[in-house]
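# Structural overview for review
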Number of protein chains: 2
Amino acid sequence: MDADKVFKALGDPTRRKLLDLLYEKNGQTLGQLCEHLGMARQSATQHLDLLEEANLVSTVRRGREKLHFINPVPLHEVYERWVRKFERQRLDLLHDLKKELEGE
Amino acid sequence: MDADKVFKALGDPTRRKLLDLLYEKNGQTLGQLCEHLGMARQSATQHLDLLEEANLVSTVRRGREKLHFINPVPLHEVYERWVRKFERQRLDLLHDLKKELEGE
DNA sequence: ATAATATGCAGGTATTTACCTGCATGTCAA
DNA sequence: TTGACATGCAGGTAAATACCTGCATATTAT
């Protein structure tokens, strides 16, 4: 996984909205997705390209259409690498902070 | 939680490194953190400010020093909002994609 | 074949961002 | 008190980014 690409891809609200749209209905075309975004088709394409480079979206051509599918694997890896690690120490870290605020 | 701030904050490799450094040793000063980054102190400050605005880092002043602590709560919320949601349908989505690749 | 449709490609621009330098302020220790 | 140290603050710049317009290509339906 290219962590940087995944995080950068998730760092934009339009791209997160695209993932949300695909979550609601997987396999949509570029045109369908554009209907829900207030921007030109070409701009949406660029966002989808980034999502695809981050491997968060996979595409399949069907004739003149291009269907978009969510790939949840990178999100899982983000979870493993970033969330679970910190989650494990959540209480400990909060304890550190509390101690510090109390003047040790 | 301001999801956009959290995602934007995580979207930069330097800021992720800062969180890693704080994970290794919580409560470090600006100076200590700077030693591990190849950039000016002022640049690191800006990154830390963004992390603080995203509520991923909390700070405590001790004399002339400023101590930095990880706050894992937003990461947990990212997980709840973004990862778990997609995780639940992981197998289903992969099934959709497989079906599509096989020509339905 | 031809018109309509869906997407691809090549730029151009304004904003954001990630750095920097220079100087100011506040704190500690001798 | 004075020098050293830790951080704050105010810009300035180059690169990245998020939009756009215009035109080209490929597919479908009549």
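Residues numbered from 1 in each chain as written. Chains lettered and ligands numbered in written order. Predicted model: local features only at pLDDT ≥ 70, side-chain atom pairs only at ≥ 80, totals over all residues. Heavy atoms only, no water.

## Points about the protein's contact with DNA strand D
Ala-40, Gln-42, Ser-43 and His-47 of chain A together with Gly-31 of chain B are the nearest of the 22 residues found near DNA strand D. When the atoms of DNA strand D within 4 Å of the protein are sorted by group, sugar and phosphate make up 61%. His-47 of chain A places a polar side-chain atom, nitrogen or oxygen, 2.5 Å from a phosphate oxygen of DNA strand D. Interatomic distance of 3.3 Å between a side-chain N/O atom of Lys-66 of chain B and a phosphate oxygen of DNA strand D. (Near = heavy atom within 4 Å. Polar contact = N/O pair within 3.5 Å; in protein donor to acceptor, adjacent residues only side chain to side chain.)

## A few points about the pairing of strand 3 (residues 65–70) of chain B
Residue and element names in this part refer to chain B. With two bridges joining them, strand 1 (residues 28–29) and strand 3 adopt antiparallel strand pairing. Counterpart to Thr-29 in the pairing with strand 3 is Leu-67. In terms of strand pairing, strand 2 (residues 57–62) meets strand 3 through six bridges, oriented antiparallel. Paired with Thr-59 across the strands is His-68, a residue of strand 3. (Pairing = 2+ DSSP bridges. Helix = DSSP H or I, 4+ residues; strand = E, 2+ residues; numbered from the N terminus.)

## Considering the pattern of salt bridges
Under the criterion given, the structure shown has ten salt bridges over all chains. The salt bridge involving Asp-4 of chain A is made with Lys-8 of chain A; its shortest N-O contact spans 3.1 Å. One end of the pair is Asp-4 of chain A and the other is Lys-8 of chain A, both in helix 1 (residues 3–10) and four residues apart, which spans about a single turn. Its relative accessible area of 24% is what places Asp-4 of chain A among the partly exposed residues. A salt bridge links Asp-4 of chain A to Arg-16 of chain B; the shortest N-O distance between them is 2.8 Å. Taken together, the positions of Asp-4 of chain A in helix 1 and Arg-16 of chain B in helix 2 (residues 13–24) put the pair across two chains. Under the relative-accessibility criterion, Arg-16 of chain B is labelled buried at 8%. One salt-bridge network, in which partners are shared between bridges, spans Asp-4 and Lys-8 of chain A together with Arg-16 of chain B. (Salt bridge = Lys/Arg side-chain N within 4 Å of Asp/Glu carboxyl O. Buried < 20%, exposed > 50% of the residue type's maximum accessible area, 1.4 Å probe, protein only.)

## Concerning the protein's contact with DNA strand C
Gly-31 of chain A together with Ala-40, Gln-42, Ser-43 and His-47 of chain B are the nearest of the 22 residues found near DNA strand C. Within 4 Å of the protein, the contacting atoms of DNA strand C are drawn from sugar and phosphate to the extent of 59%. Side-chain polar atom of Arg-64 of chain A to a base oxygen of DNA strand C: 3.0 Å apart, as the coordinates give it. At 2.7 Å from a phosphate oxygen of DNA strand C is found a main-chain nitrogen or oxygen belonging to Ala-40 of chain B. Residue assignment for the surface near DNA strand C shows that the elements contributing at least two residues are helix 3 (30–34), helix 4 (41–53) and strand 3 (65–70) of chain A together with helix 2 and helix 4 (41–53) of chain B.

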